[in-house]
Amino acid sequence: MKNTLIQLKHLYQRAGFGASPAMLQQASRHSVRRAVQDLFDDAQTPRPLHVVDPQRVGYSRKVLLEMVLQKGPLSEEQKKQYIRQIDQENRELIGDLNYAWITQMASGTSVLREKMTLFWHGHFACRSLNPTFVQRQNNTIRQHALGKFGDLLQAVAQDPAMLQFLNNQQNRKQSPNENFAREVMELFTLGRGHYSEQDIKEAARTFTGWGFNREGTFEIRKNQHDIGTKTIFGKTGPFDGSDTLSLILERPETAPFLVTKIYRYFVNDRPDPQIIQPLAAGFRKKDYDISWLMHEILTSDWFYRPENIGVNIKSPVELLVGFQRQLGLNFGQKQAVLYVQKALDQVLFYPPNVAGWPGGATWIDSSSLLLRMKLPEIILQAAQLNFKAKADGDVNTDYLAKRSNKPFLQTQFDWEAFAQPFAGLSTEALLDALSTYLLARPLLPSQRDLLLKHRKNNDLQDFTLGILTLPEYQLC
C-alpha cells in the first residue's frame, strides 16, 4: 500500500469522519498537501443548521410561568401538564437538531469545519433546554470554528445558552456570581493553577450585568454592572467582561492550554511537549488563528508518523458518522441515532457537565465495547438491539427502547455501490483491500486467517462485517 493512501486515510479520519473507498481512490491521485488544501477550501463557508425557527420565543422558566398565567385560571395539575408539554416539544426539537447535525457531518461537505465545530462543542460544553438557544450556539461555534479564538471566545461569552448555563443572569454588582468567570478561566482558556481566587472574584465583577433579553439578544444591564476599578493578573483598571477576555488572551498559559487540548483530540491522546511548545508559541503569535494552527498540524510530518496513526479511540459520534461516511449508508430515522449516542455516553447538546466529555480511554468500558462491536451487525443486518441504555430522562431512551426493538430497520445501505471499487478482485485481494480502507492499521495475520476461514456465501458482506466488528475498528 502506498504511503499516500495511509496518510490520506489518517487525514480524513482525524480532520473529518473518514472517507469512502471511492473517495480515497480519487484523492490518492494527488498529494496529501493538496488534500489538506481542498479540506480548507471546502470549509470556507459555514452551513448553519436551520431546524428551529430563529424567531421562536425562547422558553425560559420565567417565560413559561408567564405563559401559564396568560392561559387563565388553571389547576395545579393543568399547569404542570402544560409545562410538561412544552418541555417535551423542546426535547423533540433538540432531538431534531441532533439528527440534523449528524446528517450534516456525514454529508461530506465542509467536513473540517464540522469536525472543528464538534471539537469546540465539547470544549465549550453547555446544556440548554431551549432549542432556539441550542441552535444559535451551535451556529455561532460553527461560524467561528476556524477563525480567531478570541472572536470565538467573545461570541460564546455573550451567547444566551452559555450565560444561562453558567448562571451569569444572576451575576449582579450587589452580589457577584463567580461561576461564569471561574469556568471561563479553568475550562475554556487557562486551566487550573494559572489564576488566583482573587483573579476570579475580580473577573466576576467585570461580567456583572452580562445577560440577555426576552428575545435572547445579548445585553449589558447598566444598573447591574460594576463600573469600579478591578485588579486582574496584576493589572488594574475599570475593566469590563471584554477586557477580562483580552487579559486572558495575553497570558502565556492560554495558548499551551488550548494547543494541548487540540493536539490530544486531533493528533494523539499523549501530549508531546516538544511539539506543543513551539506550536503554542506560533498560535499566540498568529493572534490565535485556528486555521493557521490546524494547517500547521495537518501538513506537518509528525502528524503522519506511525505512532500517531490508529491510536485514538473514536468517540461515539465519530463512530456513528464514520459508518455513514465510509459505507455510504443512511440511518433514515433520528430515534436510532439518538439511542446509540445515549447508549455510548455521548449525546450531542447533552454534555455530562461543564467540563464536557473526558474522551480518550473513557469512551470504552466492557459493556460499551460489546455494543460498539455489535453495532455493525445491528445496522447492516437490522438485527434486534439487545442492549439497554443507561437510565436517563434526557432523550427518553427507555421510551425509545420500548417503542422499537429494531431501531435500524429504516437504514438504507447500497451494497452494490459500495462494491464497485472492489470489482474483479480475488478473495484474498478483496479482504486486503477492504481492511486497507476500513482499518487504521493492517490486519494481524491471525485475524486475516480467521476472516478467510469463516467466510460464508458473500465475500464482500462477510469480510466487511467481520472487519467492522474487530476491536481495531474502534481506533482512528
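These numbers were taken from a predicted model, which means no experiment stands behind them.

Rules of the game
- Residues numbered from 1 in each chain as written.
- Predicted model: local features only at pLDDT ≥ 70, side-chain atom pairs only at ≥ 80, totals over all residues.
- Heavy atoms only, no water.
- Helix = DSSP H or I, 4+ residues; strand = E, 2+ residues; numbered from the N terminus.
- Rg over C-alpha atoms; globule rule 2.2 N^0.38 Å.
- Buried < 20%, exposed > 50% of the residue type's maximum accessible area, 1.4 Å probe, protein only.
- Contact = heavy atoms within 4.5 Å.
- Lys, Arg positive; Asp, Glu negative; His and termini not counted.
- Charge placed at Lys NZ, Arg CZ, Asp CG, Glu CD.
- Axes fitted to C-alpha atoms, helices over the stretch in contact; angles between N-to-C directions.
- Parallel < 35°, antiparallel > 145°, perpendicular 65-115°, else oblique.
- Nonpolar A, V, L, I, M, F, W, Y, C, P; charged D, E, K, R; others polar.
- Left-handed = near helix turned anticlockwise from the far one by under 90°.
- Domains from an automatic or database assignment.
- Buried area = accessible area lost by both parts, 1.4 Å probe.
- Phe/Tyr/Trp six-rings, centres within 6.5 Å; stacked < 30°, edge-to-face > 60°.
- Lys NZ or Arg CZ within 6 Å of the ring centre and 35° of its normal.
- Polar contact = N/O pair within 3.5 Å; in protein donor to acceptor, adjacent residues only side chain to side chain.

A. Representation of the overall build of the chain. Counting its secondary structure elements, the chain contains 23 helices and 4 strands. Scaling as 2.2 N^0.38, a compact globule of 476 residues should have a C-alpha radius of gyration of about 23 Å, and the chain matches this with 24 Å. If you line up the chain on its principal axes, its C-alpha atoms span 75 × 60 × 35 Å. Per-residue burial for the chain yields a buried fraction of 52% across its 476 residues. When contacts within the chain are restricted to residue pairs at least 6 apart in sequence, long-range pairs at least 24 apart make up 74% of them. With 56 positive and 49 negative side-chain charges, the chain shows a spacing of 2 Å between the two charge centroids.

B. Main features of the packing of helix α10 (residues 179-189) against helix α13 (residues 254-266). It is the contact of α10 with α13, at a shortest axis distance of 9 Å, that shows an interaxial angle of 55°. Between α10 and α13, the angle is such that the two are oblique. Taken together, the residues of α13 that come into contact with α10 (itself represented by E186, L187, F188 and T189) are T254, F257, L258 and K261. A per-class count over the contact of α10 with α13 returns 4 nonpolar, 2 polar and 2 charged.

C. Structural context of the packing of helix α16 (residues 316-327) against helix α18 (residues 366-381). Axis separation between α16 and α18 bottoms out at 12 Å; the angle between their running directions is 40°. Taken together, the axes of α16 and α18 are oblique relative to one another. Of the two possible hands of crossing, α16 and α18 adopt the one that is right-handed. Residue-level inspection shows P316, L319, F323 and L327 of α16 in contact with α18, the latter providing R372, L375, P376, I379 and L380. Residues that form the contact of α16 with α18 fall into these classes: 8 nonpolar, no polar and 1 charged.

D. Summary view of the domain arrangement of the chain. Examined at the domain level, the chain breaks down into domain 1 (1-42), domain 2 (253-308) and domain 3 (316-391 + 404-474). One C-alpha centre belongs to domain 1, the other to domain 3; they are set 21 Å apart. With 13 residues of domain 1 at the interface, the matching set in domain 3 holds 12 residues. With both sides pooled, the region where domain 1 packs onto domain 3 buries about 1100 Å², and carbon together with sulfur makes up 61% of that total. Per-residue buried area on domain 1 facing domain 3 is highest for K9, F17 and P21; these three make up 48% of the total on that side.

E. Spotlight on the packing of aromatic side chains. Per the counting criterion, the structure on display carries 23 aromatic pairs. Seen from their ring centres, F149 and Y288 are 6.4 Å apart, and the 40° between their planes marks the pair as tilted. Placement of the pair is F149 in helix α8 (residues 149-157) and Y288 in the loop between α14 (273-285) and α15 (290-298), with a sequence separation of 139 residues. Assigned by exposure class, F149 and Y288 land together as buried. Taking the centre distance of 4.8 Å and the plane angle of 90° together, the rings of F303 and Y304 count as edge-to-face. Among the residues examined, F303 registers a relative accessible area of 0% and is labelled buried. We classify Y304 as buried; its relative accessible area is 13%. Among the aromatic side chains, those forming a connected cluster through ring pairs are F119, W120, F124, F149, F188, Y265, F266, F283 and Y288. The side chain of K115 reaches across the aromatic face of F17, ending 5.1 Å from its centre. Between R251 and the ring centre of F233, over which it is positioned, the NZ or CZ distance is 5.0 Å.

F. Quick peek at the side chain of Q447. Residue placement: Q447 occurs in helix α22 (residues 445-453). Judged by relative accessible area, Q447 falls into the buried class, the value being 13%. Reaching out from Q447, the side chain makes a polar contact with the side chain of E472 at a distance of 3.0 Å. For Q447, the contacting residues outside a window of four places in its chain are L470 and E472.

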